[in-house]
Amino acid sequence: MAEIKSTLDLVMEKTRNLRFSSQEKREIQMEEARRAFNGLLQKYLDGQLELEAVQLGVAGLEQKHEWKPCSWVSPGWNRSMS
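Residues numbered from 1 in each chain as written. Predicted model: local features only at pLDDT ≥ 70, side-chain atom pairs only at ≥ 80, totals over all residues. Heavy atoms only, no water.

Check the secondary structure of the chain and you find four helices and zero strands. When its helices and strands are written in sequence order, the chain yields α-α-α-α. Taking all 82 residues of the chain together, the buried fraction comes to 18%. Sequence-distant contacts in the chain: of pairs separated by 6 or more residues, those separated by 24 or more amount to 52%. Total accessible area on the chain stands at roughly 6,800 Å², and carbon and sulfur atoms take up 53% of it. (Helix = DSSP H or I, 4+ residues; strand = E, 2+ residues; numbered from the N terminus. Buried < 20%, exposed > 50% of the residue type's maximum accessible area, 1.4 Å probe, protein only. Contact = heavy atoms within 4.5 Å. Areas by Shrake-Rupley, 256 points an atom, 1.4 Å probe, with all protein chains shown as cover.)

Keep in mind these numbers describe shape, not what the thing actually does.
What follows is the structure, given as structure tokens:
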């Protein structure tokens, strides 16, 4: 008797050998870091976070993603917020 496969099973079979390139992985990491950074800033602007918490969050992003916000955020962003 033939087995009926779910859509998920079919998709998993077709994509089993697909892999992200190192460039694609880096782009995904950068996008995650940007989203997290934007989330921190929005929470600060909404009054849900203090500046120190934003600075700690950015330091964590720098470590986790080997990312520096300075590459696309103006220098002194944290000084202008205080």
